[in-house]
Structure formats: structure tokens, C-alpha cells
Amino acid sequence: MISTFDTQAAGAELELPVEIERIFSKDGLLSGARNFEYRPQQQEMAVAIAGALQSVDALMVEAGTGVGKSLAYLIPSILYAVRNRKRAVVSTNTINLQEQLVYKDLPMLKEILPVDFKYTMLKGRQNYLCTRRLARAMEQADALFTSSEIEELKRIYEWSKTTNDGSLSDFEVEPNPKVWQMVCSERGICSPKQCGPQSDFAKEHAPCFFQLARSRFMSADVLVLNHTLFFLNIDEEDEVKPGGILFKNDFVIFDEAHTLENVASRHIGLSVSVGQIKYNLQRLWNPKTQKGLVTQLFEPKLVELITNLFEAAELFFSQVEAECDRIHRENTQGRQGAFTKAYARKNGWNEVRIRRPDFVPDTLTGLIRKLREEIAKLIKSSDKKDINEELSEMNRRLTELCEGITTFLEQSAEAHVFWVERAGKDRKNITLCAAPIRIDEFFRRRIFGAGTSVILTSATLATKTGKSASPSSYTPQRKGVGAPTLDYAAGRLGAEAAVKLQVGSPFDYAGQMTLYVASKMPDPRHGDYEKALAYWIKHFVRMTHGKAFVLFTSYRTMLKVAEDLTPFFNDELGVECYVQGTGLPRSMMLENFRCDTDSVLFGTESFWQGVDVPGASLSNVIITRLPFAVPDHPLIEARMEYIEEHGGNAFFDFSVPEAILKLRQGVGRLIRSNNDKGIVVILDNRVITKRYGRLFMDSLPGSRVEIL
């Protein structure tokens, strides 16, 4: 598709792949940039992206560590966006990558590219202060807040006079969430007409910070945001925008695309918690503080109704918890092993799957609807415009909560799995959850069916097991024949029709990395497993004198082994061992590990991916166990059931490829630059004793292998 609005632009578009090839050549435009080195893999990826943008195609690219993915997609995207009056939406999973793009890569490209372009990072609107809501809250402070909350409101007001961008990231100490919720930007309350730079309010006061940010991102050529915000801003029921996904005339680059399925599942499903309901009711009326929006309305009937709703919410979620206790007891008395039963009885439940509609009586939504009706009557009869706006927003929220509870109890969302979660320090925040079992159809319709280019990229998308499970294309591949492909990832994301490209890493893994496999490790269910784990961790940590990530799949096992090895680290080796979840924040623990060259870090889920420690501080990555997902989470269980019901094999068609992708992420922590060297250790002999082990081994970089 060629733009017809500008002949010169159209001519430039025709030559974009050729232009990009020259830019990434040995003597091209980038060759003068600091730290640039010619990488044919980066050039190949960039040219493919230029071609996909020009032909309005979907493209899936696996680009190994060190390729330089961000420049490979940013440069063709910027040139294409500017010349065709489109907007490039770049979505990532981690804040680290977003900051790299906005504070390093894009400023550098702004200096050297032959086009002028604008870029910004997109944050959720509730990150921004709305100055109109702040002014209103200051006027109504006595009715809305306690004395300590009023002091917090004054602090926000003083901060508003000096802040640069008016967002939470500009605070040294973040404000009280209850107070911030009353002054931040919200849909339905904060709009360009009421709060924007041209509004009547802005002529007398400072304009709303969100509206200023909105004007920036509406004029930007490149928008950077995270996957969570992307899916919060796209609704399954939305009309497909002409030639765009989030905006008209946009195109999307998903970096860290290996995380897309899980993020999308969480945010296109539903989640309603007792905490959400109480939080929203307290904005109307808080029985403890006697404060809230309705204080100014002198409506005793409304206060009584809200008070009753608090009690009804407590009763409803207590019934939910009691029923989940019963279901959990039944489950632990059933098919689980003796150890699992004992552990489950001792620790209770975190998630319980709900398999039938109306598993508890609906004693809540009727009262919520009644409250909404009373609020609607008040809005019609009141002439207090400011309060009416707040009440309208509250009614919208109550509607969403009510619909969520109804959908959950009726289980009316098709092809969804329903479960209850229990979280919080006291494990009292009960949440009703639902998510689609598969998101491939959603992606085909809302992402790939939007009539615009979509680029998906990651360092780990390929597996050795072939196609994803789908009703029409089950081909279990269990022989390990052929190279790893992108078919599995493409099937999970509905991207079967996308052009697929794999470009390898420029790193010399054979010269930079040695892979060790401990062949004599006992089965994890064996009584000597943790003792053997501690023995081999000591062996390999001695080999590099620290400098090690030790990656676990079980938090309990990690804590037990860390406790057993404390004398070894403290007295024998004399190195610091940082253990995730033992008090030190994750970011501080990682920074300490980087600075303390000989230290060791024990981590679970979040350290397997998205962590970058180049240099001598990380010379050893120890994988304690193959990262198979435990099928005790309802969503994982439902995905596996779906595969079996449609003729597949859940283990080979789901568990194995998912574990391969996660293992590749973990191994990928080691070599982050051409100068890095070190060892990777797998303390799970299934990679050499099981027939599926070859699938794992063949999916890893081609390094030297030693079996011990």
C-alpha cells in the first residue's frame, strides 16, 4: 500500500528497504555513531521490518542477544511514520527497555537521522495530576479527607507548583493512594474541553498535566508504552479503527513479544476484588472517617445504602472464600500425592478454579444496581456540576464492577476459565478472575485484522516442537527433527500468516560459554534432592568464586537451599548471597549484585528474564530445574485441558515448548556482550535422560557441553 498524499513520500517509501540496508551497512549513516559496529543480523532484521511496513504486513522476528533489536525496528519505523503521517506504537514488557528507548536510543537517533520526529513515553492517565480536580479537592477538603489526608493534599498542591511533568515518577515520596485517587486524571472527569490548555480553567489556572501529556503524545511520531497499558487501552468489543489499533493510522512494534500471551490474557479478562469494591465505595462514603463525596449532598438514604453495601460486600466475599475452602479440601483429598496434600493443607490455597455458574448466591449486584439508580437520580436533580462529574465517574466504575461479578457468577464469557485468587499480607483480598483460555482469535481480529503493520520481536520465540495447539492444526512433533521454528509462538498469538524471520546472535557462544549438565542429580521428589542441589551449587559457585545467578522454579526450595548454604557463603567462600524476597527490594538487590563482583544471587520467576548484567559480575548462571509450568494455576490447567480435548498432547504441545522458551530466557542472562565469558549449569538431568531432553538441548546456543 503506497500513500498517495505526497508523491515524494511515496517515492521514498518505495525505496525504504534499500535505504535501510544502506543505513545499517559498514559505511552507512550509523557507522559514525558512537559504539556502532556492523552486524549483518541487525541489518537483515531492519530491512525485513522496512519491507513489512511498506507492504503493510505482519512480521515475527526472533533476533538473538546482541543483535541490537531496538535500532533495527526504530530506524525504519521512524522514517516510515514521518513520511506517511503515521504513528509508531512501540510496546515493551519492562520499564528498563522503555527507559533505554526513550532516554538513550531515540535521543541518539534524533541527532543523526535525516528526518525530524517527535517521541514520548505513554503512561496511564492515572499517573498524572489533574489540576482542575486538585483545585476542586482543595475547596472540598473538609468533606473529603481526614486531617492527615488534608496535609497530604497540601503536599501535592505544593509539589504541583514545581513539578516538571506532573506525574507520579516526579515525586521523591509517592503520595497517599487515597488522596491521589481524588486528584489524578480520570476518564469522564478530565477532558481536553474542561482541563486542556485551551479550556476556561487553564486560562485562570495551570492546565492539567495529563492534557499537556496528551497533546504531546497525540503529536508524537513514536509512542513508547508497556504491554499492560497497551491492552488496558484496547477492548475486545471496540470497533477496529481504520488502519490502526490504538489510534487511527498507527502501526505497532511489540518488543519482548514472548510475554504477550500472558499479559494480554490478564488484561482482556476480568478481575473484581473485595478491595476494589471497598475502595470505590469509600470515595463516596467512608463509614470510619465519615468523609466522602456524598457528605456534601446531605443524603442520609445514600449513606445508609453505602453502609449496607460495605456489609454486603464483606458477606459475599466471605461466602466466596468459604466455598473455595470447601473446593480446595475436596481437591487435596483427591488426585494429589501425599506430599502435595500435606503442603496444600498447611499452606491453604492461592487460586481455586470455579467450574460451575452461581457457585455462591448473588447477594451483591442488586444492591450495587440500587446504589447506581440513587446516584443517577441525584445527578439529575443536582446543580452541583463538579460533584455530578465525580458521581458519574463513580457510576461508571460501579457498572463495571457489577457487570464483572455477573459475568463471573453466570460464567457467561465464552471460552474463558474462571477462578478465585486470595492475596495480600493477611490473604484477605479475594478476587474473582476470568481470562480467555486462548488469545489467538482475539489477536487475529483486533491486532492482525486492523489493516496495519504489526511487528513482533524477541530474543526467544523459537522452539523445537513445531506448531501450537489449535483446533484445526494439531501436529504433535515429538521426534526433535529439524531446527527450532517460530510456529509455536505464532500459533499461540494467532500470527500464523505473519512473515517469519530468525536472525542469530553475533556472539561466539562456542568461545564464550560452556554448558555443564549434572547427570547424577536425583529426582526432585527424592529425599536427597535438596542436599544434592546444595552440593552442586557449592561446586559450581566455587568454580567462578561467586559471580553467579542461581535460578529456581520453587520459592520454598530456594529459601531452604539458601538457608543450608549460608555457612558456605559466609564462612567458607566469604561472598555475599542475595536471596529474592528476604527484605531487600529487587532493584536494590540487583544493583548490589552488579557492584559486588564476587556475589551470588538466588532468584525465582522475575530473574529468569529482563535482567541485564554484562561484565564480570555475572559469569555463572545455574539453572536448578527445568522451568515447567506447574499445572495448578487454573489458567495453565485450562490451556492444557483445551489441548487434550482437541486431540493434542498437553505435555509436548504446551508444557515442553513453554519450558524451552523460559529456559532460553534464563540461559540468555549470561552472555550480554562480545566480552562476556562464563558457564551455564543445568542441575536437571532430564535434559540428557528423557527423550524430550534433546528438544531443550537443541534449542540452546551452540556452546561447548560437558556432562558431569
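Please refer to the structure placed before this passage.
Residues numbered from 1 in each chain as written. Predicted model: local features only at pLDDT ≥ 70, side-chain atom pairs only at ≥ 80, totals over all residues. Heavy atoms only, no water.

Chemist: Account for unusual backbone geometry, with residues named and values stated.
Modeler: You will see that Val-56, though not glycine, has its phi angle at about 55°, which is positive. Mapped onto the elements, Val-56 comes out in the loop between α3 (40–55) and β1 (58–63). Judged by relative accessible area, Val-56 falls into the partly exposed class, the value being 22%. In this model, His-545 sits at a positive phi of 45°, which is unusual for a non-glycine residue. (Helix = DSSP H or I, 4+ residues; strand = E, 2+ residues; numbered from the N terminus. Buried < 20%, exposed > 50% of the residue type's maximum accessible area, 1.4 Å probe, protein only.)

Chemist: Help me get a handle on the sheet that holds strand β5 (residues 250–254), residues and values and all.
Modeler: As summarised here, the arrangement of the 7 strands in space is β3-β4-β2-β5-β10-β1-β11, forming an open sheet in which the pairing is parallel. The open sheet has two edge strands, β3 (119–121) and β11 (499–503), and neither has a second partner. The average angle at which neighbouring strand axes cross in this sheet is 15°, direction not considered. One ladder, built from 5 bridges, connects β1 with β11; its direction is parallel. For Val-61, the partnering residue across the bridge sits in β11 and is Leu-501. (Pairing = 2+ DSSP bridges. Axes fitted to C-alpha atoms, helices over the stretch in contact; angles between N-to-C directions.)

Chemist: I'd like a description of the sheet that holds strand β8 (residues 416–423), backed by residues and values.
Modeler: On the basis of which strands lie adjacent, the open sheet formed by 4 strands has the order β6-β9-β8-β7 and antiparallel pairing. The open sheet has two edge strands with one neighbour each: β6 (270–273) and β7 (351–353). Neighbouring strand axes in the sheet, compared pairwise and without regard to direction, differ in orientation by 20° on average. Here β8 runs beside strand β9 (residues 429–436); their pairing, made up of 8 bridges, is antiparallel. Within β9, the residue paired with Phe-418 across the bridge is Ala-434. The strands that helix α15 (residues 274–284) touches are β6 and β9; relative to β6, the one it contacts most, it runs at about 65°. Most of the contacts of helix α19 (residues 385–410) go to β6, to which it runs at about 105°, and overall it touches β6, β8 and β9. (Contact = heavy atoms within 4.5 Å.)

Chemist: Please give an account of the pattern of salt bridges that cites residues and values.
Modeler: Under the definition given, this model contains 48 salt bridges. The salt bridge involving Glu-321 is made with Arg-422; its shortest N-O contact spans 3.0 Å. Of the two residues, Glu-321 is situated in helix α16 (residues 300–332) and Arg-422 in strand β8; the sequence distance between them amounts to 101 residues. By relative accessible area, which is 11% here, Arg-422 ends up buried. Between Arg-326 and Glu-330 there is a salt bridge whose closest N-O contact spans 2.5 Å. A residue pair is termed a helical-turn pair when its members lie 3 or 4 positions apart in one helix, as Arg-326 and Glu-330 do in helix α16 at 4 residues. (Salt bridge = Lys/Arg side-chain N within 4 Å of Asp/Glu carboxyl O.)

Chemist: Can you break down the pairing of strand β2 (residues 87–92) residue by residue, with the values?
Modeler: Buried residues dominate β2, accounting for 6 of its 6 residues. Neither face of β2 is open: one carries Arg-87, Val-89 and Ser-91, the other Ala-88, Val-90 and Thr-92, and all of them are buried. As judged from the 5 bridges shared by β2 and strand β4 (residues 222–226), these two strands associate in the parallel manner. For Val-90, the partnering residue across the bridge sits in β4 and is Val-224.

Chemist: Provide a residue-level description of a nonpolar patch on the surface, including the pertinent values.
Modeler: The grouping of Ile-688, Val-705 and Ile-707 at the surface amounts to a nonpolar patch, some 230 Å² of accessible area in total. Its place among the elements puts Ile-688 in helix α28 (residues 686–689). Take Ile-688: its relative accessible area is 38%, and that puts it in the partly exposed class. (Patch = residues over 30% accessible without salt bridge, like charges linked within 9 Å, V, L, I, M, F, W, Y side chains within 5 Å. Areas by Shrake-Rupley, 256 points an atom, 1.4 Å probe, with all protein chains shown as cover.)

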